[in-house]
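# Coordinate inspection notes
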Amino acid sequence: MDSALIPKGVKRCSLGLFTLGIAVAGAVLLWGVYAMLLCWIKGLNQTNMNDYYGFALWIWADLAVIALGGGAFFTGFLRYVIGKDELKNIINYAVIIGFICYSSALLILAIDVGQPLRSWFIFWHANVHSMLTEVAFCLSCYFAVLTIEFIPLILENRQVDKVPFFHNLSHNMHEVMAIFAATGAFLSFFHQGSLGGVAGVLYGRPFGSREGLLVWPWTFFLFTWSAAACGPCFTILVTWITEKITKKKLVKDNVIRLLAKISGWMLATYIIAKIIDTWYWATVTAPSMGFTLMDFYSNNAFYGIWILVLEIFICGIIPALILITKTGRNNSKLLMTAVILAVIGVCINRWVMVLQVMAMPVLTFENWVLYIPSWQEVATTILPVAYGVIVLALAYRYLPVFPQEKELNPID
Amino acid sequence: MKKEHTHENAKKFGMVIDLDKCTGCGACMVACMAENNVPFKKDESEKLDSITWIRVYKLTNGKSFPDTEICYLPKPCMHCSGIGEHGHSPCVSVCPATATDYDHTTGIVSQIYTRCFGCRYCMAACPYHARYFNWWDPVWPEGMEKSLNPDVSPRMRGVVEKCSFCFHRYQAAMDKAYTEGRRELEEDEYQTACTQACPAGAITFGDLNNPDHKVHELKKSPNAFRLLERLKTNPKVYYLSSRDWVRKAGDNYLEAENKVKKK
Amino acid sequence: MFPFSFEWVWDAGHVVFMGGLWYALGIIGLGMTYCIIKAVIDTSKGNGGHHH
Amino acid sequence: MKLNRRNFLSLGVGVVAGTTLSPLPWKLMDDVSIWSQNWPWTPLPPDGEVTFEKSVCTLCPGGCGITVRKIDDRAVKIEGIEDHPVNDGGVCLLGLSGLQLLYGPTRIKSPLKRVGERGEGKWQTISWNQALTEVAAKLGELRSNDRSHTVACISGSDQGTVPGLLNRFLAAYGSPNYICTPSIHDSYEIALSLMHGGRSSAGFDVENTDFVLSFGSGIIDGWMSPVRMIKANSIWKNENSKVVQIEPRLSNTAAKSDTWVPIKPGTDAALALGLAHVIIKESLYDKDFVENYAFDFNAFKTIVLESFAPDDVAKITGVDKKTILSLAKQFAGASKPLAICGRGQGKTPGSIDEVAAVHALNALVGNINKPGGVWAVSQPDYIKWPEVQMDAVASSGMKRDRVDGAGSEKFSNANYLLNRWVGAVNSSDESPVQALFITDADPCYTLSDTFAVKKAFDKIPFVVSFSSNINETALNADLILPSHAFLERYEDVPLSAGLTKSVIALSKPVVKPQFNTKHVGDAIIEIAKKLGGSIEEAFPWDDYETCLKATLGDKWDALVENGYGADPDFGVPAWEGAFATASMKFEFLGVARVRSGEKDVQAKHLFTPVMIEGNEKSYPITLMPYDSLRLANGSIGDPPFAIKTVEDTVLKHKDVFIEMNPETAEAYDISEGDYAVLNTPKGKARVKIHLFDGIMPGLVAMPTGLGHTGPDEYLAGKGINFNELIGPVEDADFGLDAVWAIRANLTKA
């Protein structure tokens, strides 16, 4: 029925099956939308956040999706600025994933603030000393860039492409895409960093506080670095999942392995920097404020030292080692293990930099605070996942996302 | 942010709270609520979302019966000056929309409710938990809104609020002084609601820069300390206690330093 | 975003920040304008529609 | 088709681009943000002219001077009057939240007549005329049946014109049953009458003492006049005066004291006598006083030396001998030592032995009627009304015995015995009280064993409350004739809560009455007029205000101006002429002699331990109440602001915490925050556990002031009313309620 919209030379599942899949994701999406409306109409009392836990699940989700969406900027940077040409075979998907991640982040932020109708004050009354201002500006600018990067792909839809103006526009945008990508990389470098700065500049919160370079704490650079390292892993992971669902090979192994190799080296260097940062913080910064490392990892199981071990060793060093070795990369099981660990690792890092910062008491007469998100928070956090699934499904079905698909899956 | 950076006449309003005198009676909390139209809910026992601009903490020395000791510690906003008195308090520097600001003429950290869009970054930044979010619409039972003070606007849902050192009282006192042709205030012309109400007289409020004000001397007491001085937030609320363990509870110390801070 | 707010006072931070911001916005804006105008011209010349 | 789609697409793009570039979205964005800053459901208080009105806070007996800030006709803030003899600018948190009582939902807005069952809360609004007519009809009926003496009145006070009018009404009507709610003042009054002679109340010159020996008095927890005491506490810190707090729990007072002496609960009198032993034995007492102004020092000395040696006292009290010796020496060595008692806020009369023993310490050091000491303050007598002309019914009614037995041969020293009154109603087939008026009191909440109190109420056919705010007693009434709230009415308030000055304060209508209420004084005068005859004649005033102005005479103008008037010449007589006992001297054994039946006074007459209810086997732990300023436990419940200040280790949602020593908790295998069921001989409650090192092992403590069934959702249903778990323990010789704790058992829930 929709065959006129499907790219030429590829095969797609029946519209019925597709609709069913979309319906399932749509149901989840509606649940999230309902929770979102509750938060907007009734206010943030719908969450389990409180005055001690002002930043919670959502801010973690924001940081996490942006880190994971980092595949877009870094792949774009490698493809357009460094000139890794093979990556053109995965860049489209990386851009779509990035677009989903960033639009989700903006949506979550719009739910997370107490006065969403006034959220534009962040632009109008900007305090340039605030990391959040930097985040807001770079995030929205970079989202514009991602949209610009996504548009030509949409315009390449079989039917849209028939319109001469759109065809020309798409063509022209491809021509100057390197400039957009470079600008995007510049913006992305800053906002990934400023997200790291969000916790790093909190000099009243010893867990988050990290000294750094000029106005930027070390977490600024660590966040950018880790997003560049783990974002592409997420792109690989989503591509792999897509391949499993569609039961097709969509991207050639050499492309994946190239991206994995670069990620591996990024991760390896990042994790060294992270260890140094942690070491310095644990031995210099924290003691100057009267804390020992173990003060931050209470005997409370939820915030135990295990989380540091998990983040740095299991989800940092191990995937890095796998990815930088040829044997590791070439073994698809090991590769995927490393990719998944890296994705978990960056999520844990963002988790710790948000939630542990909040949970940890600073005044000596206060206690650790535990927080369990309300269903509304969970639903609105899952909402972007459902939304992402739908966008990916639509894009895959109707747009020429994977240039190698035809070659890898010839139709008789 | 940096207007009127003239330090000559700059005031630095601050508080000295004598914990030896504080009885934990709670009058400061209610005086503040009544003065500043602080809202209340039907259940306020969930202290993590209960708005109390000044909150009295109960500290114990952790010893068992009968060596136990208690000390009450009222905690308003510390109106941190930040490193080098630059006004980069933990919260002001992070607010993305300039909804909270450091007034260099008074040293007071303000909060503009109509500008705040509720991102709560300032709350994450404040180690004192002196900032409170309006998770709910404020609701006054029918008739009780008559007791609202017109000098302080009630806050809407979704914004952050905190102790303002009763800044509206400063404005009112300044207005009065100006109409009388004066440019300076007497010490007792501007006092916060909590200071005024405290039955114990435990709170002293004034200009820390002014040698004629009581706080100027009191803050130099060997018993004086501030909360979390090591974080370099540079608070303007000082505490006095003759007890070592109380002074020590003001900050974090490593085991090795356990010999009590300088006196 | 714009120095309209009453409390706005320029300092080095503003210059750097706003400089970077407007630079990026400028590139994005100019780039898109270029693409759209060129597409309009191309279309009016009768190009496009099918593979060329 | 193709053309259409193309047009459609172009149109869509055009519309989007056009709208975006137009000012519309930007204008809308601006408008919605402005709307969000002015939400119509967030109130914006109107501004207006600022005025200040001076008055007095009557929410507790403390009598703080207040100045109310008004904006036009709205009261917006209560502040303290600077230089006021009681509070000098300070106010407590209850006073500060007074406007929430004035304007809040707990106000009774018009006369109400019960339509449902008692306590069900179903009311019908009626007119004042109907309400007063119904009262008059009921009273007329009782009187015509010669049962005028079955009318009773429970009041929070017997000082000032309003209690005066009530008392006068009962006298003219023919009933002796005017009863005040109990407190430590009752015990002090009796002790002073027996030791000093005459009728006086105890004044404590706390501002000038340099050593305070407090037997469990919650000095800064609301004892006597809360703000004054907190101020005194600060004076002590400034002057380096010493405070010793003797009680088994680390109360706020104990925490602020210089020395906390934990003691086995209920043994305070023994400790006081032990200190007396040391003071006498070491000859540290004031010889001038003892030799020249005391009557029975030698008899006292003999008993004390014989029976209260430090070793014995240490065994009884758990306070070690060294401490006893040191305390006695410190006390006697101070220049202006002051010994006080009255547990917590002194809401229960308590053991009179304790008052006698503690007061004997003051006598030993001669710190009586002197700066820094205890003063016997005579009650103000500015009310000069003509004698009531009683008719025959009234005269015969007034000759009847009081229901509570106060003033009878057995309890000749007592003025009021509300605990006995409850017992008397409950133990008779037909209630000896057929009509009851309640003002300024909430006995259904504040009396111990509230179940018994409510049972007594159930037996009384006609209950009338004058309360301006809903409380437990009003909920159990048949008629409510709401009085103006404290900021809406004139009333003289003679201050007596331990003050050493003669101060009359004037409560003023700071705002006009907000609802259809009537001053209780006016209600009485109107009822009297409806009853006619000699009753009407006893009330020659048109209304209450006329009566008040006439009564205060030339004091009126100054009172209106300042809110209070202090008698500058007020003082108490020096030792010479201070005592009105039979011996005209101070009598150490005045109380003990009543106990001994005027026979041989023995040690047991000086210290008869008050046995608390429950046997040790089935109830192994002791449950005691503790008072806090943050939890009003009198006839007024906590307003929303006040309850907001209650810590989450005292109240969490609907659950109250009991304090328990970790050692006790270990024995019960209980941890912080656990639920437990507390059983006492009187009641049962589900509570949460708060571990507190500052409480003696084996003891648990529960806050008073919670467990209200009303008046609003801000207070109702939170925690447990301690009075439901405890019952009165009557002092056999004096009739007062001497209870201080009850035994309990605990099971983990």
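Thresholds, definitions, all that
Residues numbered from 1 in each chain as written. Chains lettered and ligands numbered in written order. Predicted model: local features only at pLDDT ≥ 70, side-chain atom pairs only at ≥ 80, totals over all residues. Heavy atoms only, no water. Helix = DSSP H or I, 4+ residues; strand = E, 2+ residues; numbered from the N terminus. Rg over C-alpha atoms; globule rule 2.2 N^0.38 Å. Buried < 20%, exposed > 50% of the residue type's maximum accessible area, 1.4 Å probe, protein only. Contact = heavy atoms within 4.5 Å. Areas by Shrake-Rupley, 256 points an atom, 1.4 Å probe, with all protein chains shown as cover. Lys, Arg positive; Asp, Glu negative; His and termini not counted. Charge placed at Lys NZ, Arg CZ, Asp CG, Glu CD. Buried area = accessible area lost by both parts, 1.4 Å probe. Salt bridge = Lys/Arg side-chain N within 4 Å of Asp/Glu carboxyl O. Polar contact = N/O pair within 3.5 Å; in protein donor to acceptor, adjacent residues only side chain to side chain. Nonpolar A, V, L, I, M, F, W, Y, C, P; charged D, E, K, R; others polar. Domains from an automatic or database assignment. Pairing = 2+ DSSP bridges. Arc of directions from axis to C-beta.

With that settled, consider the overall build of chain B. Tallying secondary structure elements over chain B gives six helices and 10 strands in all. The C-alpha atoms of chain B give 19 Å as radius of gyration, which agrees with the globular expectation for 263 residues (18 Å, within 12%). Considering only C-alpha atoms, chain B reaches an extent of 50 × 50 × 35 Å along its principal axes. The buried share among the 263 residues of chain B stands at 68%. A fraction of 62% describes how many contacts in chain B between residues 6 or more apart in sequence connect residues 24 or more apart. Carbon and sulfur atoms provide 51% of the accessible area of chain B, an area that totals close to 8,900 Å². In chain B, 37 positive and 34 negative side-chain charges are present, and the distance between their average locations comes to 4 Å.

Listed as interface residues are 58 residues of chain B and, on the opposing side, 51 residues of chain A. Counting the surface lost from both chain B and chain A, the interface buries some 4,400 Å², and carbon and sulfur atoms represent 59% of this. Three residues stand out in chain B for area buried against chain A, namely Leu48, Phe117 and Tyr121 of chain B, and they jointly supply 16% of the buried area on that side. Among the salt bridges present, the one from arginine 120 of chain B reaches aspartate 112 of chain A, with a minimum N-O distance of 2.6 Å. The tally of links from chain B across to chain A stands at 33 residue pairs in polar contact (both at pLDDT 80 or more). Broken down by secondary-structure element, the contributors of at least two residues to the side of chain B that touches chain A are β2 (55-60), β3 (70-75), α2 (121-125) and β6 (131-133) of chain B. With four residues, α2 of chain B is the largest single contributor of residues to the side of chain B that touches chain A. Of the residues in the side of chain B that touches chain A, the class split is 34 nonpolar, 13 polar and 11 charged.

The subject of this paragraph is the domain arrangement of chain D. Residues and elements named next belong to chain D. Looking at the assigned domains, one finds that chain D contains domain 1 (2-37), domain 2 (112-182 + 382-566), domain 3 (201-377 + 588-606) and domain 4 (621-726). Inter-centroid distance (C-alpha atoms) of domain 2 to domain 3 is 36 Å. The interface is formed by six residues belonging to domain 2 together with 12 residues belonging to domain 3. Between domain 2 and domain 3, a total of about 740 Å² is buried, with carbon and sulfur atoms accounting for 58% of that surface. Scanning the region where domain 2 abuts domain 3 turns up zero salt bridges. Between the two partners, domain 2 and domain 3, sit two residue pairs in polar contact (both at pLDDT 80 or more). When grouped by side-chain class, the residues that make up the side of domain 2 that touches domain 3 number three nonpolar, three polar and no charged.

So, on to the pattern of salt bridges. Taken as a whole and judged by the stated rule, the model has 66 salt bridges over all chains. The residue glutamate 79 of chain D makes a salt bridge to arginine 69 of chain D at a minimum N-O spacing of 2.9 Å. Of the two residues, glutamate 79 of chain D is situated in strand β3 (residues 74-80) and arginine 69 of chain D in strand β2 (residues 65-71); the sequence distance between them amounts to 10 residues. Of the two residues examined, glutamate 79 of chain D and arginine 69 of chain D, each falls in the buried class. Each of the salt bridges in this network shares a partner with another, and the network as a whole consists of Glu35 and Arg169 of chain B together with Arg69, Lys77 and Glu79 of chain D.

Remark on secondary structure: sheet strands pair via backbone hydrogen bonds, oriented parallel or antiparallel. Residue and element names in this part refer to chain B. Spatial strand order, β8-β1-β10-β9: four strands in an open sheet with mixed pairing. The open sheet has two edge strands with one neighbour each: β8 (203-207) and β9 (224-225). Where β9 and strand β10 (residues 237-240) come together, two bridges link them in antiparallel fashion. In the strand pairing of β10, alanine 224 is matched with leucine 240.

All names here are of chain B. Checked against the element boundaries, glycine 181 lands in the loop between α3 (167-179) and α4 (193-197). Judged by relative accessible area, which is 61%, glycine 181 ranks as exposed. Note: C-alpha distance between glycine 181 and methionine 33 (148 residues apart in sequence) is 33 Å.

Highest in contacts among the five pairs of chains that touch are chains B and D. Left apart from each other, chain C and chain D have a closest C-alpha approach of 13 Å.

What follows is about helix α23 (residues 544-552) of chain D. All names here are of chain D. Taken together, the buried positions of α23 are Tyr544, Cys547, Leu548, Thr551 and Leu552. Looking straight down α23, one finds that the buried residues subtend no more than 115° of arc, so they occupy a single side. Looking at the buried residues of α23, the elements they touch are α6 (161-173), β17 (491-495), β18 (503-507), α21 (520-531) and α24 (556-562). Glycine 553, located one to two residues past α23, shows a positive phi value of around 55°.

Let us look at unusual backbone geometry. Here the amide bond leading from phenylalanine 65 of chain B into proline 66 of chain B is cis, since omega sits at 0°, within 30 degrees of zero. Of note in this structure, arginine 120 of chain B is not a glycine but carries a positive phi near 70°. Along the chain, arginine 120 of chain B turns up in the loop between β5 (108-111) and α2. With a phi angle near 65°, aspartate 146 of chain D is a residue other than glycine that sits in the positive phi range.

What follows concerns the pairing of strand β20 (residues 621-626) of chain D. Residues and elements named next belong to chain D. Among the six residues that make up β20, five are buried, leaving the element largely enclosed by the rest of the structure. Pairing of β20 with strand β26 (residues 742-748) involves three bridges; the strand directions are antiparallel. Within the sheet, the bridge partner assigned to leucine 623 lies in β26 and is isoleucine 742. Here β20 pairs with strand β25 (residues 699-703) via five bridges, running parallel. Across the sheet, proline 625 pairs through a bridge with methionine 702, a residue of β25.

Taken residue by residue, the interface counts 67 residues in chain B and 68 residues in chain D. Where chain B abuts chain D, roughly 5,600 Å² becomes buried across the two surfaces, and 59% of that area is made up of carbon and sulfur atoms. On inspection of chain B and its partner chain D, the count reaches six salt bridges. Notably, a salt bridge pairs glutamate 35 of chain B with arginine 69 of chain D, separated by 3.1 Å at the nearest N-O pair. At the junction of chain B with chain D, the criterion picks out 30 residue pairs in polar contact (both at pLDDT 80 or more).

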